[in-house]
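Understanding the architecture of this molecule
Spelled out from the first residue to the last, the chains are:
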Amino acid sequence: MVDKAEIFDKLKSIVGEENASMDEAVLRVYSYDVSPYKGRPDFVVRPGTPEEIAEIVKLANQYKIPVIPRGAGSGAAGGAVPVNGGIVIELTRLNRILEIDTANLQVVVEPGVVHATLNKELAKLGYFFPVDPGSTDMATIGGLISNGGSGMRSVKYGVTRDYVMQLEIVLPSGEIVTVGSKAPKSASGYDLPRLFVGAEGTLGIITKARLKILPMPQAKALVLAAFDDLEKAGNAVVNTFAAGIVPSGLEILDRSALEAVKTYRPNLDIPIVEALLLFEVDGTPAGIREEAARIEEVCKNTGAVKVDIATSKERFDELWAARAVVGAATTALNPDCTRVYEAEDITVPITNVPKILLKIREIGKKYGMNIVTFGHIGSGNLHPALVINVLDDDEWDKLWKVSEEIQTAALEMGGTTTGEHGIGIARARFMEAEHGKAMELMRVIKKALDPNNIMNPGKMAL
Amino acid sequence: MIEACVPEVVKCVRCGKCRSVCPTLDVVGWDNFGSRGRMILSGEIIKNGFEPNETALNSIFSCTTCKHCYEVCPSKAKVPEVMEMTRNILVNAGKGLTSHRKMYERVERLGNPYDEHKDRNWWMPEYKEPEEAEVQYFVGCTPTYRTNDIAKSTVAVMDAFNIPWAFVRDQKCCGSPLIRTGYQPITAEHNIDRMIETAEKTGAEIVVTSCAGCYKTIKGDYPIKAREFDIEVMHISQYLADRIKKGELVIDKEVNMKVTFHDPCHLGRHMGEYEAPREVLKAFGVEIVEMEHAKQSSWCCGAGGGVRMAFPDLTESIAKKRVKEAEDTGADIFLSACPFCVYNLKENSENLDVKDMVQFMAENL
């Protein structure tokens, strides 16, 4: 039997008394993230340096105690939920932007830097970190990397893994290593940075990240295309790419989402149709005008009932705001209900988006649940919002069934259960079905790096 | 109370968006000192049988109820209300904070939270209730006993504009510090009766406060409908802005100053009034330079919700951050519209002069 008091004393000596806790109230708070899962840690620590983290990990290895890295706890998959107890390492004190090197288009940050903070600083210099999660105000860079996050503009700019050049990692052994390169490109050795992107803290703890940045585009415009048929909207997306245009954002709001937005913000000027596509284009003022006009033409040729181009900042912001409030509208509309983050991140090949949208409607109808769906159609990533009265056990039963059916359907259509939120505990049960023998490869890698399985055990079915 | 609290607690989806705006989390760092952590703890206490320990109580009672979290909350979870309800449940279970209990007892005994025995009108002994008035002035405890110049300035401004006014008779604490810390507003009935009485005697059917907290409490929290209380309650900035807009009050002074304005949480986010104080200040010709956090995103001064009383160090850290923001604007003066905010910010400002807008007006009329 491990003496908890003894371990706690050691943790305090590493991080200082004020940065370690095994207080019951603290443990209860750090038992949750956004997901419906819960698990009580034994300790919570808030280290201030990579060296302190290395010491904590060595201690955990010595006593074979689970270590659960945590950023802002804003993950939706239970990745930071300590389902097997252990030490939660909160990384928010490591929140410095260490270097902004615009000439080389790169920055070096600590893992606890909040995404919005980084972009606020970069904007002052005319640059940006293009990955744009909806959780920008709270998500930390460490969490974003560890969960393979992305966002609305991934259709043109890619996802987090495309921007990670170099990482400093505390390995499960407690060693600190740096993987990757400062060079803009490198063909040298295994692509180790990518191994740690999306690893959810199962292979080590990221303590520094060198990220690629880009100069901000000069101008942006938004094309709004309304369709009376989901298939046509899907075809318009395919035809847009075929016309040689890669929009910087490409979102879909189906009827359920549009009705939710309209009820939430009645004054907003948007049509209620079967599907509304929002194309964002960015670049030079002349370039965006041309691209917007071509998208308009493509959409009209594909059967759009109405196309509207927004170049004024006011209209642009208003329309993006409409997209941004969908998630909120789903909960705020019904005072008795709360959104539960389950099956909220499915991703399918682009051409299957209309099909999965219809399937979600069918599942909703079957279980009598009004599922509002929205998402990044340009990258096949949809966010169905399951909203229930969380105080009603029967509704929970229904929710689990709906979640199972939506995610199974996504896999059957050649998709994945997660496009940008990660697996955690929430989607671990689908890992075998999704990856087959590749799961065995993941286990081999995990065992090689973390033989005692102390790093975030139980996550990603590992 | 538990029945009312549970559905509000479960509105929180724990997304953590409030992490970016919670003034206490910003200082302390531990999640239990932020809105999300507090919502979790409230749920653990009222739903999951957690017998709150000292850390849990400190977490719940250190929320300034500034409502900034609600402003950004995608689910519109009512954190300040949940905190007040949870505190009420804790107080009723004998688990309230000692400093708050003593404050409650002082209000019960003396009608004010400051342990002051002086008559409320000590600063204006010559006052005699006029036979006719247009407004009733509800002074509030802080201007009466701590920032008296704000009370005097309010009177001076009303006199300068020839606004006939009377004191609300025999005032007691509005009850704001009681409600915020989990107690019942035991003085509400008394104050309502006195306002009705004053209205009957003087004809003044508008109650004006110079305190944002009193305004929020009387207008927003008192059981008005139950008493058919149809007297209009206004913050002094609203009353003046309204009359300036109608052309009834004319300011012919031009003050060449750069001013930054702190929106009190109880006037701004709680009651939705951001423009009235700015309109009044603009009438003086000043240049208003906004802080990084202004209006809906105004950063709390750190004093509200009973926090200044129970956690003075926490309040000090929050206030210093706010003062720094004001300094960064390059303003000549830092104004607000709440005696409690002003009292707190002034105490934590070394270089920049902090005043209530009525003081600024009285000096420049």
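Residues numbered from 1 in each chain as written. Chains lettered and ligands numbered in written order. Predicted model: local features only at pLDDT ≥ 70, side-chain atom pairs only at ≥ 80, totals over all residues. Heavy atoms only, no water.

With that settled, consider the packing of aromatic side chains. Evaluation of the coordinates by the stated rule reveals 13 aromatic pairs over all chains. A ring pair is formed by Y37(A) and W400(A), whose centres lie 6.1 Å apart and whose planes are at 50 degrees; its orientation type is tilted. Of this pair, Y37(A) sits in the loop between helix 2 (24–29) and strand 2 (43–45) while W400(A) sits in helix 14 (residues 393–412); the two residues are 363 residues apart in sequence, bridging distant segments of the chain. Judged by its relative accessible area of 18%, Y37(A) is buried. Measuring from centroid to centroid gives 5.6 Å for Y127(B) and W165(B), while their planes differ by 15 degrees, and the two rings are stacked. Residue Y127(B) is located in the loop between helix 7 (98–110) and strand 1 (135–138), and its partner W165(B) is located in strand 2 (residues 165–167); the two are separated by 38 residues in the primary sequence. Take W165(B): its relative accessible area is 9%, and that puts it in the buried class. (Phe/Tyr/Trp six-rings, centres within 6.5 Å; stacked < 30°, edge-to-face > 60°. Helix = DSSP H or I, 4+ residues; strand = E, 2+ residues; numbered from the N terminus. Buried < 20%, exposed > 50% of the residue type's maximum accessible area, 1.4 Å probe, protein only.)

On to the side chain of R323(A), then. Residues and elements named next belong to chain A. With respect to the secondary-structure elements, R323 resides in helix 11 (residues 313–324). Engagement of the side chain of R323 in a polar contact is seen with the side chain of E251, the distance being 2.5 Å. The residues contacting R323, other than those within four sequence positions of it, are M152, E251, L253, L278, F374, G375, H376 and H383. (Polar contact = N/O pair within 3.5 Å; in protein donor to acceptor, adjacent residues only side chain to side chain. Contact = heavy atoms within 4.5 Å.)

Let us now look at empty space enclosed by the protein. Which parts of space are left empty comes out when a probe the size of a water molecule is rolled across the atoms. All names here are of chain B. Inspection of every chain in the model, using the stated rule, returns four cavities of 30 Å³ or more. Counted as a void, the largest cavity has a volume near 110 Å³. Lining the largest cavity are 16 residues; nearest its centre among them are C12, C15, C18, C73 and A77. Residue contributions to the lining of the largest cavity peak at three residues, all from helix 3 (residues 35–46). Broken down by class, the residue content of the lining of the largest cavity amounts to ten nonpolar, three polar and three charged. By volume, the second largest cavity is sized at about 80 Å³. Lining the second largest cavity are 15 residues, with P23, S35, C63, C66 and C69 positioned closest to its centre. When contributions to the lining of the second largest cavity are tallied by element, the ones reaching two or more residues are helix 2 (23–28), helix 3, helix 5 (68–72) and helix 6 (79–92). (1 Å grid on protein atoms, 1.4 Å probe; cavity = no way out; pocket = protein on both sides within 12 Å on 5 of 7 lines; lining within 4 Å. Points joined across faces, edges and corners; volume = space filled by probe spheres on them. Nonpolar A, V, L, I, M, F, W, Y, C, P; charged D, E, K, R; others polar.)

Looking now at the domain arrangement of chain A. All names here are of chain A. Taken domain by domain, chain A comprises domain 1 (4–92), domain 2 (97–215) and domain 3 (218–415). The gap between the C-alpha centroids of domain 1 and domain 2 is 23 Å. If you look at the interface, domain 1 gives 15 residues, while domain 2 gives 16 residues. Summed over both partners, the interface of domain 1 with domain 2 comes to about 1,200 Å²; 71% of that surface belongs to carbon and sulfur atoms. If you look at where domain 1 meets domain 2, you find zero salt bridges. On inspection of domain 1 and its partner domain 2, the count reaches one residue pair in polar contact (both at pLDDT 80 or more). If you list the elements that add at least two residues to the side of domain 1 that touches domain 2, you get helix 3 (50–63) and strand 3 (67–70). Among the elements that line the side of domain 1 that touches domain 2, the one with the most residues is helix 3, at seven residues. Residues that form the side of domain 1 that touches domain 2 fall into these classes: nine nonpolar, four polar and two charged. (Domains from an automatic or database assignment. Buried area = accessible area lost by both parts, 1.4 Å probe. Salt bridge = Lys/Arg side-chain N within 4 Å of Asp/Glu carboxyl O.)

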